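What the coordinates show
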Amino acid sequence: MSLLRQLIRGSTRWSSSRRLDIAIPARRPFHSMFRPHYTNVFPGAEIGSSRQRIEIENPATEEIICTVDAASPADVNAAVTAGMKAFQSGIWANKDVNHRFDVLIKLADMLKSRMSEFAKYESLQTGRPIREMNAQLARLPEWLTYHASLARTHTGRIPPFKGKMLNTLTYSPLGVVAQITPWNHPLLIAIKKIAPALAAGNSVVVKPSELAPVSVLLFAEMALEARIPEGVLNVVCGLGAETGKALCEDSRIAKIDLTGGTETGRAVCAAAGKNLIPVTAELGGKTPVLVFPDIEVERAVKGALFASFIAAGQTCVTGSRIIIHEDIYDQFAASFVAKANALRIGDPLDTKTQVSTVINRASIDRCQRFVDQALSEGGKLLCGGSPAPVNGKGHFFQPTVIEVTPEMALANEEVFGPVIALIRSPSPAHMLATANSTPFALGAALWTSSLSLAHSVSQQLDAGLVWVNTHHNNDPSSPWGGWKDSGMGKENGVEAFEGYLKCKSTVVNWGEAGGVDWFEDNKGARYG
Ligand code: TXE
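Parameters at a glance
- Residues numbered from 1 in each chain as written.
- Predicted model: local features only at pLDDT ≥ 70, side-chain atom pairs only at ≥ 80, totals over all residues.
- Heavy atoms only, no water.
- Helix = DSSP H or I, 4+ residues; strand = E, 2+ residues; numbered from the N terminus.
- Rg over C-alpha atoms; globule rule 2.2 N^0.38 Å.
- Buried < 20%, exposed > 50% of the residue type's maximum accessible area, 1.4 Å probe, protein only.
- Lys, Arg positive; Asp, Glu negative; His and termini not counted.
- Charge placed at Lys NZ, Arg CZ, Asp CG, Glu CD.
- pLDDT = per-residue confidence, 0-100.
- Contact = heavy atoms within 4.5 Å.
- Polar contact = N/O pair within 3.5 Å; in protein donor to acceptor, adjacent residues only side chain to side chain.
- Expected span 1.5 Å × (residues − 1).
- Pairing = 2+ DSSP bridges.
- Axes fitted to C-alpha atoms, helices over the stretch in contact; angles between N-to-C directions.
- Patch = residues over 30% accessible without salt bridge, like charges linked within 9 Å, V, L, I, M, F, W, Y side chains within 5 Å.
- Areas by Shrake-Rupley, 256 points an atom, 1.4 Å probe, with all protein chains shown as cover.
- Salt bridge = Lys/Arg side-chain N within 4 Å of Asp/Glu carboxyl O.
- Phe/Tyr/Trp six-rings, centres within 6.5 Å; stacked < 30°, edge-to-face > 60°.
- Lys NZ or Arg CZ within 6 Å of the ring centre and 35° of its normal.

1. Concerning the overall build of the chain
- When its secondary structure is counted, the chain shows 16 helices and 21 strands.
- For the chain, the C-alpha radius of gyration of 25 Å lies close to 24 Å, the compact-globule estimate for 528 residues.
- Principal axes of the C-alpha set define a box for the chain whose edges measure 85 × 60 × 40 Å.
- Scored against the burial criterion, the 528 residues of the chain give a buried share of 55%.
- Charge separation in the chain, taken as the distance between the mean sites of 52 positive and 50 negative side-chain charges, equals 4 Å.

Set out below in structure tokens:
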């Protein structure tokens with residue numbers, strides 16, 4: 001390993017991407033499917049000032065697959081300027097909604113036609129099984145068609161207003177919006193944000209994760225082919241604390257939409273506070289799965305397994321603490337552990353692989369720290385607990401199940417990996433109290449055959465998203481987002497679309513032909 005790479009690898013940051021302060025890659029990138037290097041996407045990017053590059057690693061092989069630009073503050077400035085120029089020109093913002101509809105539908109069709117290619121990019125840069133990426137990406141065009149349809153059908157309102165007044169509410173795009181996206185579902189989360197923003201007429205600058213930006217760059221290139229005008233959809237890659245920070249602090253940005261960790265959420269909200277702009281933030285979670293004793297146990301086991309180990313536990317709504325009523329605990333735990341042990345770990349591109357890697361070495365270390373801490377606090381290891389490299393390579397970690405009690409760290413803190421807590425609970429009231437006992441309030445799931453229990457528990461759960469007898473289901477029309485330390489605002493649905501619009505209230509006086517003279521004695525008091 002070269003000295004330069006050793007120095008860069010020495011970084012202990014959790015989100016430890018390697019940035020090279022040189023103009024050419026340290027060594028030849030490996031993967032034939034990838035270009036050696038990807039530039040940012042905004043007008044003028046190819047000749048931008050960026051002389052820094054980030055290496056993108058394949059988590060399954062630990063090979064460098066390509067490099068991408070690391071945008072400097074000057075690049076960010078140029079991308080926002082491009083967004084402003086496009087927005088002010090009206091080339092997209094003021095276009096007839098029929099036109100925006102047509103272009104977004106075309107983009108959806110183009111994405112459909114390149115689906116398996118995009119799925120492979122996602123799998124190679126994240127290490128997620130191709131089986132998952134094929135299933136996930138197959139639905140992405142729906143986000144574009146849904147929001148295109150909203151653009152076409154969204155109407156203003158005329159609320160009641162006292163007197164001979166006509167009050168119209170009209171909506172217009174915000175301007176240039178910043179979108180900061182993560183690595184766990186690179187394209188899904190980017191499109192979840194890009195689709196409503198573009199449909200509403202905004203210009204967008206996306207800062208994808210430094211760990212997995214390639215699919216987002218390719219999507220933005222494809223958007224240009226679909227005739228999204230230059231400057232309307234821009235992508236700047238780079239580290240969060242540099243590129244992301246510069247973007248969020250730009251005073252021309254009209255809104256920030258972030259998916260990331262809770263600490264990133266606090267930093268982004270502080271920047272937004274300075275510029276008094278709105279934020280949608282989808283942050284961390286510690287999703288409880290409540291298993292009540294009236295459910296058919298095997299059904300709940302299969303559901304909880306899916307909740308826990310999809311994406312190797314790296315989703316904001318991973319069912320990471322399973323709270324089981326003591327009447328069925330032993331039966332549930334035995335079956336859950338047997339099934340977790342039997343999950344096939346391996347090459348993400350093998351369609352038979354069920355669980356693959358976590359994102360990087362730092363994530364492996366984090367999983368191990370949580371395991372060690374849980375055991376030192378008295379937790380009982382039921383399966384897994386160690387890294388599991390394949391042929392000596394790759395950031396694989398065994399599907400891990402640990403029995404804990406509610407006060408232990410593993411029952412409360414987000415791991416973002418395949419390390420799952422089982423909690424034995426004596427009563428429904430205790431199950432609910434345990435579920436509501438963390439600072440997070442994003443997702444929750446419950447398994448019961450009682451309709452009334454399902455409704456009553458759902459109402460009392462501290463969570464922005466509740467699933468009953470299912471998990472992870474997502475739809476472009478269904479609002480998605482949490483409360484408390486899990487963030488604010490919603491992705492998806494009319495809520496997301498309207499979150500990219502500003503509302504104007506216009507009040508028209510259609511009576512009083514001669515006008516009102518407030519200062520005329522005994523008459524003015526008629527105002528109000
Ligand atoms: O996220 P980061 P990381 C959670 C999860 C995980 C933890 C850390 O708990 O363990 O976050 O993951 C950009 N200004 N989730 O380190 O750092 C960053 O470059 C502006 C939950 O990968 O929050 C990237 O593009 N931007 C989650 C994005 O924020 C900044 C998904 C997310 O990175 C920035 C991912 C700054 N100061 C992680 N700092 C979910 N809700 O699904 C970072 N970024």
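2. Description of the confidence of the model for the chain
- When the pLDDT values of the chain are averaged, the result is 93; 92% of them are 70 or greater.
- When pLDDT is averaged over each helix and strand of the chain, the minimum, 33, is found for helix H1 (residues 3-9) and the maximum, 99, for strand E6 (residues 176-180).
- This stretch, residues 1-16, has a pLDDT under 50; its non-local contacts, to residues over four places away or in other chains, come to 28 contacts.

3. Quick look at the side chain of Ser486
- One can find Ser486 in the loop between strand E19 (483-484) and strand E20 (487-488).
- Given the relative accessible area of 0%, Ser486 is considered buried.
- Polar contacts involving the side chain of Ser486 include one to the main-chain amide nitrogen of Ala441, which spans 3.0 Å.
- With sequence-adjacent residues up to four places away left out, Ser486 is seen in contact with Ala281, Glu282, Leu283, Gly284, Gly285, Phe440, Ala441 and Leu442.

4. Overview of helix H6 (residues 140-153)
- The terminal C-alpha atoms of H6, which comprises 14 residues, lie 21 Å apart, in line with the 20 Å expected from a rise of 1.5 Å per residue.
- Taken residue by residue, H6 has Leu140, Pro141, Trp143, Leu144, Tyr146, His147, Ala148, Leu150 and Ala151 as its buried positions.

5. Regarding the environment of Gly44
- Within the element layout of this structure, Gly44 appears in the loop between strand E2 (37-38) and strand E3 (53-58).
- Sequence spacing of Gly44 and Asn473 is 429 residues, and the spatial spacing of their C-alpha atoms is 40 Å.

6. With respect to the sheet that holds strand E14 (residues 400-404)
- Judged by pairing direction, the sheet is mixed, and its seven strands sit side by side in the order E13-E14-E15-E12-E11-E17-E18 without closing on themselves. What marks the edges here is a single partner per strand, and that holds for strand E13 (380-383) and strand E18 (465-468). Between one strand axis and the next, the sheet turns through 20 degrees on average, direction left out of account.
- Of the strand pairs in this sheet, strand E11 (residues 287-291) and strand E12 (residues 319-325) are connected by five bridges, and their pairing is parallel. Paired with Pro288 across the two strands is Arg321, which belongs to E12.
- Against the sheet, helix H13 (residues 361-376) touches E13, E14 and strand E15 (419-425), its axis set at about 30 degrees to E14.
- Helix-sheet contacts for helix H14 (residues 428-435) involve E11, E12 and E15, and the interaxial angle to E12 is about 165 degrees.

7. A word on the sheet that holds strand E10 (residues 279-282)
- With respect to topology, six strands assemble into an open sheet ordered E8-E7-E6-E9-E10-E20, the strand pairing being mixed. Both edges of this open sheet fall to strand E8 (233-235) and E20, since each of them pairs with a single strand only.
- Pairing geometry for strand E9 (residues 253-259) and E10, over four bridges, is parallel. Each bridged residue has a counterpart across the sheet, and for Ile256 the counterpart in E10 is Val279.
- Helix-sheet contacts for helix H9 (residues 240-249) involve E6, strand E7 (203-207) and E9, and the interaxial angle to E7 is about 160 degrees.
- In this fold helix H10 (residues 262-275) packs onto E9, E10 and E20, with an angle of close to 175 degrees to the strand it touches most, E9.

8. Observations regarding a nonpolar patch on the surface
- On the surface, a cluster of nonpolar side chains totalling about 410 Å² of accessible area is made up of Ile158, Leu166, Val508 and Trp510.
- Position of Leu166 relative to the elements: it lies in strand E5 (residues 165-173).

9. Examining the packing of aromatic side chains
- Throughout the structure, instances matching the rule amount to six aromatic pairs.
- Ring centres of Trp467 and Trp480 lie 5.8 Å apart, and the angle between their planes is 65 degrees; this geometry places the pair in the edge-to-face category. One end of the pair, Trp467, is in strand E18; the other, Trp480, is in the loop between E18 and E19, with 13 residues separating them in the sequence.
- Using a relative accessible area of 6% as the deciding quantity, one classes Trp480 as buried.
- Grouping aromatic residues by their ring pairs yields a cluster made of Phe34, Tyr38 and Tyr121.
- The cationic tip of Lys255 hangs over the ring face of Tyr500; the distance from NZ or CZ to the ring centre is 4.7 Å.

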